[in-house]
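# Fold and geometry: a report
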Amino acid sequence: MTKDVPVGDSTRLIHTAAEESARLPARSVGPAIQRGSTVLMDRAADLYAHGKITYGRDGLAAHHALIAGLKDLEHAEHVELYGSGLGAVTGAMLSVLKTGDEVLVVDGAYKPTRRFCDNFLKNYGVSVRYFPSDASPDEVLALITERTRLIALESPASLSFEMMDVGAVAAGARERGVLTLMDNTWAAGLYFRPLDHGVDLSVQALTKYVGGHADVFLGSAATRNPVIARKLAQASLNLGHSVGPEEAYLALRGLRTLPARLAAHGANGLAVAKWLMGRPEVARVRHPALPHDPGHALWKRDFSGACGLFAFELAPPAGLAETLAFLDALTLFGLGFSWGGYESLALYCDPQVKEARTARPWTAAGPLIRLHVGLEDPADLIADLEAGFAAIKR
Ligand SMILES: *Cc1c(COP(=O)(O)O)cnc(C)c1O
């Protein structure tokens, strides 16, 4: 309001700061955290101009900087943002499914993904069938019927760590006119690039390694296919998906250090996993980067690294009481869900894997414990786990 001095207090309080806030006082390394629902147009004709950002829900400075970074990470042509990783899974699925379709879902999929399929998609006339987490491509492709529209993959599964030949499933599905979606949160978009392996939709919870500090919820879906890109954008427009600028900024900040952090998580995780293999209290370590793991050959062929997330089975006769005693004795490993932050976490998985395996019942030597190995010193983490085992010594 430099033209004239505004007359009333209310007018002045609203307008005097407007010019200053429209102008960046200095250029920082990161993008501006622009807060805005309304986007101001220079001219009236722009209000309905095609291809212009006309509303904050379309994303502002930090969102578009993050999208550019994620397109680069995913080798994608289009990236859509969602308020959480689960929002990305459901948003991507809803964008390509319609009543009458069928989805084939890997048995080891993230449990809330299964809940969405079972409780929500079914209400809209979309049917769901599950296939074993280590099914061969032929076994998966043999399930395809006229109605199959989408195959949803997760490799490795994020509690039980079975691997699948994603590229072969994607190639076979494409030949049959079926789309593929992969939840790629474990590889964080970096150690495996689903779109390079023929997958149509690459989804990840940015909440995990991209955010990297356990302090933000965000998800993304990426594609190279222009038809799917349009469907993703249309679904977001119709469903009203939008994310805040702080969240977008934090994910972008995490993206800058993702390779350095992920390498450290991976090395620390392997050090801990190898130590666990030598323990008498452990029946089996489930980690695809270990040579004995059934998924190792696929991991070695397709992945360029491992993150810090894996699981192990306690040796019999350990049961629930020993599992709880072990976890309660840990002091450096926090007890909690989610992962991908700088800190180590542990949880027991039996309540999830026993309920959420329907293609093939869960069988394991003993209770399943999942570890997220953080950026602490591995020797200290090992000492912490040693204290856990001491607590269950008979
Ligand atoms: C955490 C997680 C999600 C969901 O992410 P949120 O941001 O917590 O909603 C999806 N898939 C996998 C594999 C996850 O681990």
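Look a little higher up for the structure.
As the structure is a prediction and not an experimental result, all values here were calculated from the model. (Residues numbered from 1 in each chain as written. Predicted model: local features only at pLDDT ≥ 70, side-chain atom pairs only at ≥ 80, totals over all residues. Heavy atoms only, no water.)

### Focus: the site of the ligand
Around the ligand sit 13 residues, and of these Gly 85, Leu 86, Asp 183, Thr 207 and Lys 208 come closest. Between Gly 85 and the ligand, the recorded distance is 2.7 Å, taken from a backbone N or O atom to an oxygen atom. Within the side chain of Thr 207, one N or O atom sits 2.5 Å away from an oxygen atom of the ligand. Here the ligand, which alone exposes 380 Å², has 94% of that area covered by the protein. Taken together, the residues of the shell around the ligand break down into five nonpolar, five polar and three charged. (Near = heavy atom within 4 Å. Polar contact = N/O pair within 3.5 Å; in protein donor to acceptor, adjacent residues only side chain to side chain. Areas by Shrake-Rupley, 256 points an atom, 1.4 Å probe, with all protein chains shown as cover. Nonpolar A, V, L, I, M, F, W, Y, C, P; charged D, E, K, R; others polar.)

### Overview of the pairing of strand 12 (residues 368-372)
Of all the five residues making up strand 12, five are buried; the element is thus mostly covered by neighbouring parts of the structure. Alternating positions in strand 12 separate into two faces, Leu 368, Arg 370 and His 372 on one and Ile 369 and Leu 371 on the other, with burial throughout. By the bridge criterion, five bridges tie strand 9 (residues 309-314) to strand 12 in an arrangement that is antiparallel. By the bridge assignment for strand 12, Phe 312 is matched with Ile 369. Pairing analysis gives four bridges linking strand 11 (residues 345-348) to strand 12, with the strands arranged antiparallel. Bridging across to strand 12, Ala 346 finds its partner in Leu 371. (Buried < 20%, exposed > 50% of the residue type's maximum accessible area, 1.4 Å probe, protein only. Helix = DSSP H or I, 4+ residues; strand = E, 2+ residues; numbered from the N terminus. Pairing = 2+ DSSP bridges.)

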